[in-house]
Amino acid sequence: MSKFSILTKGLVKENPTFVLLLGMCPTLATTTSAINGLEMGLATMFVLILSNIVISLIAPVVPDKVHIPAYIVVIATFVTVLQLVMQAFTPQVYSTLGLFIPLIVVNCIVLGRAEAFAGKNGVVDSALDGIGIGIGFTLALTVIGIVREILGSGSVFGFKFIAGDGILAFVMAPGAFIVLGYLLVLFNKIAKKQ
Amino acid sequence: MAAKSTLVNMALCLFGVCLVCSAILAGTYALTKNPIEEASRKALKEALSKVLMAEGEISSEAAYIDLDGVNYEYYTQTAEADSAVCWAVKSTVIGFGGPLTLLVGVERNGVVHATKVLSHSETPGLGAKCETEESFIRQFEGFESASRSLKVRKDGGEIDAITASTITSRAYAKAVENAVAVAAKIQEGLQ
Amino acid sequence: MEYFLIIISAIFVNNILLAQFLGVCPFLGVSNKLSTATGMSGAVCFVITLATLVTWLINTYLLVPLKLEFLQTIAFILVIAALVQMVEIVLKKISPALYSALGIFLPLITTNCAVLGVAITVVTKQFTFGGEAHLLNLGESIVYAVATSLGYGLAMILFAGIREHLAMNDVPKAFKGLPIALISVGIMALAFLGFSGMV
């Protein structure tokens, strides 16, 4: 596989949200607005890239039977580093995303990439894979966030273009499921031409 | 490819990974400890300058006072003549979704100077508006609690509640009311 | 009364799946059939309760006194992973019947964010049951954990029932599978919104 296709496959062909359907919890919970979705995507990408790099380096020396716990420890370390750095420099973002920052540890995308890609490939390829999948995830979250913000608050990235309140249900829990459902339909129609 | 698994190298490997990882974390913790404290100090300072008057020295240390069995944290602002002119009281009440904490600036004679939400867990799009809705927040500024009632209109007071969020609005007003009572007690103690 | 409020709030008002979005991946994965949904709910209930008990103790008597709160995430996930393994081994020895019912779901639970989510929530979130904001004590934490996992089970089993019917219907091709499932969950979550404000 060429370096370029490793980098770009996460965007559409293996998009973690719309095709692989991984990491649903943060996808649904943090996309109340476009900016929140974008921030959550970037936070996950940070962990994904670093854990992919480190795991591809240690994979050859980790005994097979304990590779999952070892990977989880590595991922948890980077998540905690992220938590501390965010508390220090972007406390506002940290308090908005809240519980879902520590929960990146159990995001199936991160462990899934470690297991399916970083454990079997070199450092450069793993880093590219992390970047590609990370961008795919961030894009998906931002799109969901944009749709929910337009419907729910009548604004995009905080810029209001419709006066009034919008349809509240889309900011709340039910809207998350429904928007993701319809976006998947749209993705199936366009990308898979069903 | 992955090394062969024996009890010794499994234990060694996991131990090694944990050791290195804890070391990295301890290092990051040490590096970010000061910036984290700095950030929370800065957030408090910003909140204080928002709810207190433009002029005057703000006490850097928090003081505490009891009222009705609840311990309140507050900061005092003193004018040039070294007399206290305004207090910022941290007031927590139960909102719709959980605790709602406000910082309330109260002038002498019980006039509310300004309010700011420090933390809340209200519903996004409904009660969470108490943090952003200008028309709601504005009505507390300069509110003369001595002659007017700090209650929402539904309860016979003079506060216009946020649409569809009466419980949050009621809690917000209650927090301000508590803060005014605390400020009154502080002033009593001064005389 | 206080315990009662915790239970109602955790099952209906703040349902872990429909309002907090924790544990959605396994929810979508195993809710195809009523029988697997029931098995998964049982296993989750068991592990959440046990994990909350252990992590609460570790946090209160180890991490907090030593000022090592920043190790919470890493310590909790290790405890959960180890616990799941242990439960699997013990169950295999003691009750092969229960093991064959829950066994296949157990390895999946380590990465179920509902478990880590509840463990972190009970030690960090201020609750307001009983009028004053406070952290939960051990008893309340356990009650909260049990009630939350019952809520998880309720949502999962209800939804599996709906999904069994969905499978027999003629759904447009692009909606097949997950899209229609997500939209149905959305409608279910709308119904659960009706409970908000009760506690």
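Thresholds applied
Residues numbered from 1 in each chain as written. Chains lettered and ligands numbered in written order. Predicted model: local features only at pLDDT ≥ 70, side-chain atom pairs only at ≥ 80, totals over all residues. Heavy atoms only, no water. 1 Å grid on protein atoms, 1.4 Å probe; cavity = no way out; pocket = protein on both sides within 12 Å on 5 of 7 lines; lining within 4 Å. Points joined across faces, edges and corners; volume = space filled by probe spheres on them. Helix = DSSP H or I, 4+ residues; strand = E, 2+ residues; numbered from the N terminus. Nonpolar A, V, L, I, M, F, W, Y, C, P; charged D, E, K, R; others polar. Contact = heavy atoms within 4.5 Å. Buried area = accessible area lost by both parts, 1.4 Å probe. Salt bridge = Lys/Arg side-chain N within 4 Å of Asp/Glu carboxyl O. Polar contact = N/O pair within 3.5 Å; in protein donor to acceptor, adjacent residues only side chain to side chain. Phe/Tyr/Trp six-rings, centres within 6.5 Å; stacked < 30°, edge-to-face > 60°. Buried < 20%, exposed > 50% of the residue type's maximum accessible area, 1.4 Å probe, protein only. Lys NZ or Arg CZ within 6 Å of the ring centre and 35° of its normal.

Participant: So what about empty space enclosed by the protein? Which residues, and what values?
Facilitator: Scanning all chains against the criterion turns up 2 cavities of 30 Å³ or more. Taken as a whole, the largest cavity encloses approximately 80 Å³ of empty space. Listed by contribution, the elements that provide at least two residues to the lining of the largest cavity are helix H2 (24-29) of chain A together with helix H2 (24-30) of chain C. The element that contributes the greatest number of residues to the lining of the largest cavity is H2(A), accounting for 3 residues. In terms of residue class, the lining of the largest cavity is made up of 10 nonpolar, 4 polar and no charged. Size it by volume and the second largest cavity reaches roughly 40 Å³. Surrounding the second largest cavity, A:Ile72, A:Ile75, A:Val105, A:Val106, A:Leu111, C:Ile77, C:Thr110 and C:Thr111 form its lining.

Participant: Before we move on, could you go through the interface of chain C and chain A and cite the residues and values that matter?
Facilitator: With 35 residues of chain C in contact, the opposing surface of chain A contributes 37 residues. Of the roughly 3000 Å² buried where chain C meets chain A, counting both sides, 87% is carbon and sulfur surface. When the buried area of chain C at its contact with chain A is split by residue, C:Phe21, C:Ala174 and C:Leu182 rank highest and sum to 20% of it. The tally of links between chain C and chain A comes to 0 salt bridges. Summed over the shared surface of chain C and chain A, the number is 2 residue pairs in polar contact (both at pLDDT 80 or more). The set of elements that each furnish at least two residues to the side of chain C that touches chain A consists of H2, helix H4 (72-94), helix H7 (113-124) and helix H9 (178-193) of chain C. With 10 residues, H9(C) is the single largest residue contributor to the side of chain C that touches chain A. Tallied by class, the residues present in the side of chain C that touches chain A amount to 26 nonpolar, 8 polar and 1 charged.

Participant: Tell me about the packing of aromatic side chains, residues and numbers included.
Facilitator: Here the structure, examined in full by the defined rule, presents 10 aromatic pairs over all chains. Between A:Phe177 and C:Phe21, the ring centres sit 5.5 Å apart and the planes meet at 45 degrees, which makes this aromatic pair tilted. With A:Phe177 in helix H8 (residues 173-191) and C:Phe21 in the loop between helix H1 (2-13) and H2, this residue pair bridges two chains. Owing to a relative accessible area of 0%, A:Phe177 belongs among the buried residues under this scheme. Ring centres of A:Tyr182 and C:Phe175 lie 5.9 Å apart, and the angle between their planes is 85 degrees; on these two criteria the pair is classed as edge-to-face. A residue pair is termed interchain when its members come from two chains, as with A:Tyr182 in helix H8 and C:Phe175 in the loop between helix H8 (138-167) and H9. The exposure class of C:Phe175 is buried, given its relative accessible area of 19%. Here the aromatic residues B:Phe136, B:Phe140 and B:Tyr172 are joined through ring pairs into a cluster of three or more. Stacked on the ring of B:Phe143, the Lys or Arg B:Arg148 has its end atom at 4.3 Å from the ring centre.

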